[in-house]
Amino acid sequence: MKAAPSTGIPGPLLDAHERFPWFLFFCVFLSLLAHAGSFLVFQVVYPQHVSVPPPPPQVQLLSTATPQYEAIMNWVDAEDPALAASAHSVRPANLLEVLYQPSYAVQRTAPRGVPEARVTVQFPAARNPLAVIRSAEQHSTAAPASPGSLATRLILSPPFSNRALAQLPDLAVSVRTAAPVEPSRYLIGVSDRGEVRFVFLQQSSGNPALDAAGAKALTRATFAAQAIAVSWGHATIAWGDEVIEEEAKSEIQARK
């Protein structure tokens with residue numbers, strides 16, 4: 001068998017049966033091991049994140065059991081903006097019935113008039129001769145007339161003075177006093193049908209029983225019907241001589 005002719009091309013640089021490069025493998029392995037050790041030794045340790053939870057909500061109920069809470073509730077009621085910002089308002093009665101009156105209609109300063117003429121005569125004027133003679137005559141003085149008895153009467157304020165009374169109140173009360181008393185003044189409220197719904201005493205006569213009898217008599221009065229729901233006004237009862245006892249009445253007449 002003949003050998004193959006040489007072509008002049010050199011053969012492979014490494015032999016197929018050459019050994020594995022274990023030295024290079026160990027160098028790479030030691031490098032990886034050194035890096036892993038350095039990462040393990042020189043690792044970065046971050047501080048632990050600590051979060052503080054918020055405090056639990058606390059609820060306190062305001063009651064009138066303690067003086068402090070009672071004062072706070074009174075302050076809240078006094079400073080309540082809803083009361084001042086409320087759109088609902090009470091319109092006074094007869095608001096649109098008030099007539100316009102210009103400012104110049106009321107006279108504030110009296111106009112300056114013509115100055116009076118100076119009196120030149122310094123002595124008084126002469127008297128009538130007949131008047132001088134009659135002044136010397138004796139005249140019989142007439143006895144003063146005794147005042148008549150005063151009857152109990154009802155006086156109504158302007159809201160009711162122009163409103164007709166369908167039924168007059170019976171002012172003949174059974175209460176008697178030992179001396180003249182002051183008038184009793186009441187604030188009354190009359191409904192649209194003319195019934196007296198409310199009676200409030202404003203000025204006492206000095207006798208509580210007489211004031212109560214007058215209030216009861218006013219509740220039996222009836223006015224004419226009107227469109228206004230409730231009309232307010234004053235009613236004054238001027239007590240006459242019939243509420244005074246007979247003995248006290250005779251003593252008062254004897255003094256006069």
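All figures in this text were calculated on a predicted structure; none of them were measured in a lab.

*Asks:* I'd like a rundown of the overall build of the chain, residues and numbers included.
*Replies:* Along the chain, the regular secondary structure elements total seven helices and six strands. When the helices and strands of the chain are listed from N to C terminus, the series reads α-α-α-α-β-α-β-β-β-α-β-β-α. The buried share of the chain, taken over its 256 residues, is 16%. In the chain, of all internal contacts separated by at least 6 residues, the share reaching a separation of at least 24 is 73%. As displayed, the chain offers around 22,600 Å² of accessible surface, 61% of which is attributable to carbon and sulfur atoms.

*Asks:* Run through the layout of surface pockets, naming residues and quoting values.
*Replies:* The space that makes up the second largest pocket amounts to roughly 200 Å³. What lines the second largest pocket is Ala-93, Asn-94, Glu-97, Pro-158, Pro-159, Asn-162, Arg-163, Gln-226, Ile-228, Val-230, Ser-231 and Trp-232. The set of elements that each furnish at least two residues to the lining of the second largest pocket consists of helix H5 (158-161) and strand S6 (230-238). With three residues, S6 is the single largest residue contributor to the lining of the second largest pocket.

*Asks:* Outline the side chain of Thr-177, listing residues and values.
*Replies:* Relative to the elements of secondary structure, Thr-177 occurs in the loop between strand S2 (165-167) and strand S3 (184-191). The class of Thr-177 is buried, set by a relative accessible area of 6%. Aside from chain neighbours lying at most four places away, what touches Thr-177 is Asn-207, Leu-210, Val-243, Ile-244 and Glu-245.

*Asks:* Please give an account of the pattern of salt bridges that cites residues and values.
*Replies:* Here the structure, examined in full by the defined rule, presents two salt bridges. Notably, a salt bridge pairs Arg-197 with Glu-195, separated by 3.4 Å at the nearest N-O pair. According to the relative accessible area criterion, Arg-197 is partly exposed, its value standing at 46%. Residue class for Glu-195 comes out partly exposed when judged on its relative accessible area of 33%. What you see here is one network of salt bridges that share partners, running through Arg-193, Glu-195 and Arg-197.

*Asks:* Residue-level account of the sheet that holds strand S1 (residues 153-156), with values.
*Replies:* What the four strands build is an open sheet, ordered S1-S6-S3-S4; its pairing is antiparallel. Both outer strands of the open sheet, S1 and strand S4 (196-203), are each paired with one neighbouring strand and no more. Ignoring which end each strand starts from, the neighbouring axes of this sheet average 30 degrees apart. Examined bridge by bridge, S1 and S6 share four bridges and lie antiparallel to one another. For Leu-156, the partnering residue across the bridge sits in S6 and is Ala-235. Packed onto the sheet, helix H6 (residues 208-219) meets S1, S3, S4 and S6 and runs at close to 25 degrees relative to S3.

*Asks:* Now, about a nonpolar patch on the surface: what can you tell me, with residues and values included?
*Replies:* A cluster of nonpolar side chains, contributed by Phe-20, Trp-22, Phe-25, Phe-26, Phe-29, Leu-30 and Leu-33, occupies part of the molecular surface with about 800 Å² of accessible area. Structurally, Phe-29 can be placed in helix H1 (residues 22-41).

*Asks:* So what's going on with the confidence of the model for the chain? Residues and values would help.
*Replies:* On average, residues of the chain carry a pLDDT of 77, and 79% of them reach 70 or more. Here residues 6-14 is a poorly scored stretch, pLDDT under 50, and it has zero contacts once near neighbours within four places are set aside; other chains count.

*Asks:* Residue-level account of the side chain of Ser-191, with values.
*Replies:* Structurally, the position occupied by Ser-191 is in strand S3. With sequence-adjacent residues up to four places away left out, Ser-191 is seen in contact with Arg-163, Arg-197, Ile-228 and Ala-229.

*Asks:* Describe the environment of Asn-94, with residues and values.
*Replies:* Relative to the elements of secondary structure, Asn-94 occurs in the loop between helix H3 (81-84) and helix H4 (129-136). Residues Asn-94 and Ser-231, spaced 137 residues apart in sequence, show a C-alpha to C-alpha distance of 9.6 Å.

*Asks:* Which residues make up the packing of aromatic side chains, and what values go with them?
*Replies:* Counted under the stated rule, the structure contains seven aromatic pairs. Note on Trp-22 and Phe-25: the rings are 6.1 Å apart at their centroids and 90 degrees apart in plane angle, and the pair reads as edge-to-face. One end of the pair, Trp-22, and the other, Phe-25, are both in helix H1, three residues apart, so they sit about a helical turn from each other. Here Phe-25 falls in the partly exposed class, since its relative accessible area comes to 43%.

Basis of the calculations
- Residues numbered from 1 in each chain as written.
- Predicted model: local features only at pLDDT ≥ 70, side-chain atom pairs only at ≥ 80, totals over all residues.
- Heavy atoms only, no water.
- Helix = DSSP H or I, 4+ residues; strand = E, 2+ residues; numbered from the N terminus.
- Buried < 20%, exposed > 50% of the residue type's maximum accessible area, 1.4 Å probe, protein only.
- Contact = heavy atoms within 4.5 Å.
- Areas by Shrake-Rupley, 256 points an atom, 1.4 Å probe, with all protein chains shown as cover.
- 1 Å grid on protein atoms, 1.4 Å probe; cavity = no way out; pocket = protein on both sides within 12 Å on 5 of 7 lines; lining within 4 Å.
- Points joined across faces, edges and corners; volume = space filled by probe spheres on them.
- Salt bridge = Lys/Arg side-chain N within 4 Å of Asp/Glu carboxyl O.
- Pairing = 2+ DSSP bridges.
- Axes fitted to C-alpha atoms, helices over the stretch in contact; angles between N-to-C directions.
- Patch = residues over 30% accessible without salt bridge, like charges linked within 9 Å, V, L, I, M, F, W, Y side chains within 5 Å.
- pLDDT = per-residue confidence, 0-100.
- Phe/Tyr/Trp six-rings, centres within 6.5 Å; stacked < 30°, edge-to-face > 60°.

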